[in-house]
Amino acid sequence: MLIAQMTDIHIGFDPAAKPEELNRIRFRMTLDRLLNGPNQADMLVLTGDLTDHGDKDSFEKTAELLEACPMPIYSIVGNHDTREGLLHAFPDTPVDADGFIQYAVEQDGLRILFLDSLEEGRHGGAFCEKRAAWLSAELNAHPETPTLIFMHHPPVVSGIGWMDPGADEPWMLRFAEAIRGHDQVRAIHCGHLHRQINATVEGKLLSVTPSVAPLVAMDLRPIDPETPDNRDLITTESPTYALHRWDNGELVTHYERVWDWQVLAKYDANLQGMIKEMFAERE
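All of these numbers come straight from a predicted model, not from anything done at the bench.

J.: Hey, could you go over the packing of aromatic side chains for me, with residue numbers and the actual values?
T.: Summed over the entire model, instances satisfying the criterion amount to five aromatic pairs. Relative to F114, the ring of Y74 has its centre 5.5 Å away and its plane inclined at 25°; by these criteria the two rings are stacked. Separated by 40 residues along the polypeptide, Y74 in strand 3 (residues 73–76) and F114 in strand 5 (residues 110–114) bring together distant segments of the chain. On the basis of relative accessibility, which here comes to 0%, the residue F114 falls in the buried class. When the ring centre of F279 is taken as reference, the NZ or CZ atom of R282 above it lies at 4.1 Å.

Structure follows, in structure tokens:
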């Protein structure tokens, strides 16, 4: 099973741009690569910040671009989204008993949990006691089933100071407590930081998929909110998406950057010998 993940699309950042806003161009390019490339995904997961302002018009434009997708699409909210806007564009998206966009999907022996880390009016994440109780109940009910977690905000400190949460924010501690001891959690996949990052939470792999929208600049120097220092903040590095491959109980994640590139080698008769040698080594 191949699970495609796209995150931080930010449709509506510059809706008046002509002939088309950059974020929409980047999203269309990324979708085109996914749909017409060699790797056909079994599902597409959108891990938040689908829009830049959470408005219904931007959500409708996002949904319009996704109409060509033949696979199921699962969405969650980011801090730039609104639950109302997401449910308007994707009305079949489940919500839990408390109105949070949290739900579970099971396929090919893998359980996938989608979490809601939005607190409207706040850039950083949130994971209240009600949401944590939902997660704990889901994990306690299926202790033997391999599980992936998707959420927008990574509950870690990355070192990109202006994007990071505080080290001991209650929502992060609450999330860590909810997954503690649950060895069925194979990985946690997030967005929000607009860069590829790997970390661990309670000994479990946490990965951040880079954004479809422009990326956050790679700068780990301390930043002073009182002193602008003219550092780079946002770059036009290539839009990126992830492919999470679940096969025979093993999970492997690939990242593909989408932009113009040159093909330097093809599998033709000239390279067949090399391929045969590589397979022969396995015997």
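J.: Report on the packing of helix 1 (residues 22–36) against helix 2 (residues 56–66), specifying residues and quantitative values.
T.: Packing of helix 1 against helix 2 leaves a shortest axis separation of 10 Å and a crossing angle of 25°. Taken together, the axis directions place helix 1 and helix 2 in an arrangement best described as roughly parallel. As for the relative orientation of helix 1 and helix 2, their crossing is right-handed in sense. In this structure, helix 1 uses R24, F27, R28 and L31 to contact helix 2, whose residues at the interface are K61, T62, E64, L65 and L66. Classifying every residue of the contact of helix 1 with helix 2 by side-chain character gives four nonpolar, one polar and four charged.

J.: I'd like a rundown of the pairing of strand 5, residues and numbers included.
T.: Put simply, side chains in a regular strand alternate between the two faces of the sheet. Within strand 5, five of the five residues are buried, which leaves the element mostly enclosed by the surrounding structure. Alternating positions in strand 5 separate into two faces, L110, I112 and F114 on one and R111 and L113 on the other, with burial throughout. Here strand 4 (residues 103–107) pairs with strand 5 via five bridges, running antiparallel. Paired with A104 across the strands is L113, a residue of strand 5.

J.: How would you explain unusual backbone geometry if you had to name every residue and give the values?
T.: Backbone torsion omega between K18 and P19 reads 0°, so that peptide bond is classified as cis. The topology assignment puts P19 in the loop between strand 1 (2–6) and helix 1. Positive phi is not limited to glycine here, since D108 has a value of about 55°. Here D108 shows up in the loop between strand 4 and strand 5. By relative accessible area, which is 52% here, D108 ends up exposed. Unlike most non-glycine residues, H192 shows phi in positive territory, near 75°. In this fold, H192 is placed in the loop between strand 7 (185–190) and strand 8 (197–201). Overall, the relative accessible area of 9% leaves H192 in the buried class.

J.: Describe helix 1, with residues and values.
T.: With 15 residues, helix 1 should cover 21 Å at 1.5 Å per step; its first-to-last C-alpha distance of 21 Å lies within 8% of that length. Looking at the packing, one finds that the buried side of helix 1 touches strand 1, strand 2 (43–47), helix 2, strand 10 (215–216) and strand 12 (240–247).

J.: How would you sum up the sheet that holds strand 13 (residues 250–257)? Please name residues and give values.
T.: Across the sheet, which stays open at both edges, the five strands sit in the order 3-2-1-12-13 with mixed pairing between neighbours. Of all strands in the sheet, those bounded by a partner on one side alone are strand 3 and strand 13. Strand after strand, the sheet turns through a mean of 20° between neighbouring axes, direction not considered. Of the strand pairs in this sheet, strand 1 and strand 2 are connected by four bridges, and their pairing is parallel. The residue bridging M6 from the neighbouring strand is L46, located in strand 2. The sheet strands contacting helix 1 are strand 1, strand 2, strand 12 and strand 13, and the helix crosses strand 1 at an angle near 170°.

Definitions and limits used
- Residues numbered from 1 in each chain as written.
- Predicted model: local features only at pLDDT ≥ 70, side-chain atom pairs only at ≥ 80, totals over all residues.
- Heavy atoms only, no water.
- Phe/Tyr/Trp six-rings, centres within 6.5 Å; stacked < 30°, edge-to-face > 60°.
- Helix = DSSP H or I, 4+ residues; strand = E, 2+ residues; numbered from the N terminus.
- Buried < 20%, exposed > 50% of the residue type's maximum accessible area, 1.4 Å probe, protein only.
- Lys NZ or Arg CZ within 6 Å of the ring centre and 35° of its normal.
- Axes fitted to C-alpha atoms, helices over the stretch in contact; angles between N-to-C directions.
- Parallel < 35°, antiparallel > 145°, perpendicular 65-115°, else oblique.
- Left-handed = near helix turned anticlockwise from the far one by under 90°.
- Contact = heavy atoms within 4.5 Å.
- Nonpolar A, V, L, I, M, F, W, Y, C, P; charged D, E, K, R; others polar.
- Pairing = 2+ DSSP bridges.
- Expected span 1.5 Å × (residues − 1).

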